[in-house]
Each structure stands twice: as structure tokens, then as C-alpha cells.
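Geometric and topological summary
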Amino acid sequence: MTDGEVSAAQRLTDDPLITNVLEFLPMPFTEHDALQLLRTQDENNCFLGAWLGEQLVGAVNPPAL
């Protein structure tokens, strides 16, 4: 995980449309929050990023599906 990936996850997630639906996410959603969330990857939490060039445009948590 790079600093750029953490920053991209923070920018994508720091949006009330996301944090209001996913109640466990704080608002504002900081880079520290993004790092902590991405570090919790295990059998129940595994985030895959959808990238368009160098811009993160979406993320999915397959175990949650």
C-alpha cells in the first residue's frame, strides 16, 4: 500500500454520500482513517480498488457482497 493509494482512498471516501451509508466510517474521513481501514484487511475485510488511469473511482469489499 502506497501513500498515494491511502490518499486516493481518503479522497474517495470523504464524502457524506458514502459515510452516511457506511455508518462505521467517520466524517470527516481522514488519511489516518483510510490507513487504519486499509490495514484491517482480513477474511472479512478486503478492499479492491477500481482505477481509471491514476484516479481511484471506486472500491468494493467482496466479502461483504
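In case you missed it, the structure is sitting above this.
Quick look at the structure, then. Computed from a predicted model, the values in this text were never measured in an experiment.

**Some words on the overall build of the protein**
A tally of regular secondary structure across the protein gives 3 helices and 2 strands. Starting at the N terminus and walking to the C terminus, you meet the elements of the protein as α-α-α-β-β. Radius of gyration (C-alpha) of the protein: 11 Å, near the 11 Å computed for a compact globule of 65 residues. Expressed as lengths along the three principal axes of its C-alpha atoms, the size of the protein is roughly 30 × 25 × 20 Å. The buried share of the protein, reckoned over its 65 residues, is 25%. Counting only contacts in the protein whose residues sit at least 6 apart along the sequence, the fraction spanning at least 24 positions is 29%. Carbon and sulfur atoms provide 55% of the accessible area of the protein, an area that totals close to 4,700 Å².

**Quick look at the environment of Phe-29**
Checked against the element boundaries, Phe-29 lands in the loop between α2 (16-19) and α3 (31-39). Overall, Phe-29 belongs to the buried group, its relative accessible area being 1%. Discounting residues that sit within four places of it in the chain, Phe-29 has contacts with Ala-9, Gln-10, Thr-13, Asp-14, Ala-34 and Leu-37.

**A closer look at the pairing of strand β2 (residues 55-60)**
With 5 bridges joining them, strand β1 (residues 48-52) and β2 adopt antiparallel strand pairing. Bridge pairing links Leu-52 to Gln-55 in β2.

**A few points about the side chain of Asp-33**
Mapped onto the elements of the fold, Asp-33 is located in helix α3. Buried Asp-33, no salt bridge; nearest opposite-charge side chain is Arg-39, N-O distance 12 Å. A distance of 2.9 Å separates a polar side-chain atom of Asp-33 from the backbone nitrogen of Thr-30. Sequence-distant contacts of Asp-33, defined by excluding residues within four places in its chain, comprise Pro-26 and Pro-28.

What counts, and where the lines are drawn
- Residues numbered from 1 in each chain as written.
- Predicted model: local features only at pLDDT ≥ 70, side-chain atom pairs only at ≥ 80, totals over all residues.
- Heavy atoms only, no water.
- Helix = DSSP H or I, 4+ residues; strand = E, 2+ residues; numbered from the N terminus.
- Rg over C-alpha atoms; globule rule 2.2 N^0.38 Å.
- Buried < 20%, exposed > 50% of the residue type's maximum accessible area, 1.4 Å probe, protein only.
- Contact = heavy atoms within 4.5 Å.
- Areas by Shrake-Rupley, 256 points an atom, 1.4 Å probe, with all protein chains shown as cover.
- Pairing = 2+ DSSP bridges.
- Lys, Arg positive; Asp, Glu negative; His and termini not counted.
- Salt bridge = Lys/Arg side-chain N within 4 Å of Asp/Glu carboxyl O.
- Polar contact = N/O pair within 3.5 Å; in protein donor to acceptor, adjacent residues only side chain to side chain.

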